[in-house]
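If you want the building blocks of each chain, they are given just below.
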Amino acid sequence: MFDPPLTIQQIHEHWMWRALDQAQRAFDHEEVPVGAIVVHQDRIIGEGYNLREALNDPTAHAEMIAITQAAEQLQSWRLLDCTLYVTLEPCPMCAGAIVQSRIPRLVYGTMDPKSGACNSLYQITDDARLNHRVNVTAGVHQAECQAILKEFFAMQRAKGKK
């Protein structure tokens, strides 16, 4: 007997757990808990979590770190045949980087009504005026992605921060 092949949804769920692992690392370092991974040919070639506080760098978003690592791995700025998994809908900066790096697929966990640039506020990844569009899947492990953010911001408010 053999195991049936995984569905696309099961594959997305598997990889989103890995992005959530990165978000937990951010949480543990008192960074906004967003995690990202880049998958190419069924293996992670880039991973990252928010490091804005640690690096004092406004561009140190999880997606930017994962994309940079992936480009180094592939020795190319074109991340063709890759999928980016991220726990929170990318902001305009990160959505722009996704388009610029030619990533064909984006899967994210939960929408960001304050700065989301793939569905919520803007649709940068699907803007016909740009030279590349991205296939976007939203809502994978949405409850888990929302929960870690809510817990983090509740803790920050309890400490009188953010």
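So, here's what we can say about the structure.

What counts as what
Residues numbered from 1 in each chain as written. Predicted model: local features only at pLDDT ≥ 70, side-chain atom pairs only at ≥ 80, totals over all residues. Heavy atoms only, no water. Phe/Tyr/Trp six-rings, centres within 6.5 Å; stacked < 30°, edge-to-face > 60°. Helix = DSSP H or I, 4+ residues; strand = E, 2+ residues; numbered from the N terminus. Buried < 20%, exposed > 50% of the residue type's maximum accessible area, 1.4 Å probe, protein only. Salt bridge = Lys/Arg side-chain N within 4 Å of Asp/Glu carboxyl O. Pairing = 2+ DSSP bridges. Axes fitted to C-alpha atoms, helices over the stretch in contact; angles between N-to-C directions. Contact = heavy atoms within 4.5 Å. Core = buried A, V, L, I, M, F, W, Y, C linked by side-chain atoms within 4.5 Å. Parallel < 35°, antiparallel > 145°, perpendicular 65-115°, else oblique. Left-handed = near helix turned anticlockwise from the far one by under 90°. Right-handed = clockwise from strand over helix to strand, strands pointing away.

## A few points about the packing of aromatic side chains
One pass over the full model with this rule turns up 2 aromatic pairs. Centroid distance F27 to F152: 6.0 Å. Interplanar angle 65°. Geometry classified as edge-to-face. Of this pair, F27 sits in helix 1 (residues 8-28) while F152 is found in helix 5 (residues 142-158), placing the two residues 125 residues apart along the sequence. This pair shows no difference in class: F27 is buried, exactly as F152 is. Where F152 meets F153, the ring centres are 5.1 Å apart and the plane angle is 80°; that geometry is what we call edge-to-face. A connected cluster of aromatic rings, assembled from ring pairs, spans F27, F152 and F153.

## Structural notes on the pattern of salt bridges
Taken as a whole and assessed by the stated rule, the structure comprises 2 salt bridges. With its nearest N and O atoms 3.6 Å apart, the salt bridge here joins E30 to K159. Pair noted here: E30 is in the loop between helix 1 and strand 1 (35-40) and K159 is in the segment after helix 5, with a separation of 129 residues, a long-range link. On the accessibility criterion, E30 (42% relative accessible area) is partly exposed. A relative accessible area of 43% places K159 in the partly exposed class.

## Digging into the sheet that holds strand 4 (residues 105-110)
Spatially, 5 strands are ordered 2-1-3-4-5 in an open sheet, and the strand pairing comes out mixed. Lying at the two open borders of the sheet, with one neighbouring strand each, are strand 2 (43-49) and strand 5 (135-138). Shown here is a sheet whose adjacent strand axes are inclined to one another by a mean of 15°, direction ignored. In the sheet, strand 3 (residues 82-88) pairs with strand 4 via 5 bridges, with the strands oriented parallel. Across the sheet, residue Y85 finds its bridge partner in strand 4, namely V107. Strands strand 1, strand 2 and strand 3 of the sheet are contacted by helix 3 (residues 62-74), whose axis makes an angle of about 145° with strand 2.

## Focus: the side chain of T125
Looking at where T125 falls in the secondary structure, it is placed in the loop between strand 4 and strand 5. What T125 contacts, discounting residues up to four positions off in sequence, is A95, I98, V99, A117, C118, H132, R133, V134 and V136.

## Some points on the nonpolar core
Residues L84, Y85 and L106 are the most contacted members of the largest nonpolar core, which totals 40 residues. Those elements that place two or more of their residues in this core are helix 1, strand 1, helix 3, strand 3, helix 4 (92-100), strand 4 and helix 5. Among the elements that line this core, the one with the most residues is helix 1, at 6 residues. Excluding residues within four positions of it along the chain, Y85 makes contact with I11, H12, W15, M16, A19, G35, A36, I37, V39 and V107.

## Regarding the packing of helix 3 against helix 4
When two helices pack together, their arrangement is given by the angle between the helix axes and the distance between those axes. Where helix 3 meets helix 4, the closest approach of the two axes is 9 Å, and the angle between their N-to-C directions is 20°. The angle between the axes of helix 3 and helix 4 places the two elements in the roughly parallel class. Like other packed secondary-structure pairs, helix 3 and helix 4 cross with a definite hand, here left-handed. Of the residues in helix 4, those touching helix 3 at E63, M64 and I67 are M93, C94, A97 and I98.

## Description of the pairing of strand 3
A large share of strand 3 lies buried, amounting to 7 of its 7 residues. Bridge analysis of strand 1 against strand 3 gives 5 bridges, and the strand direction is antiparallel. Of the residues in strand 3, the one forming a bridge with A36 is V86. Crossover connection from strand 3 via helix 4 to parallel strand 4: handedness right-handed.

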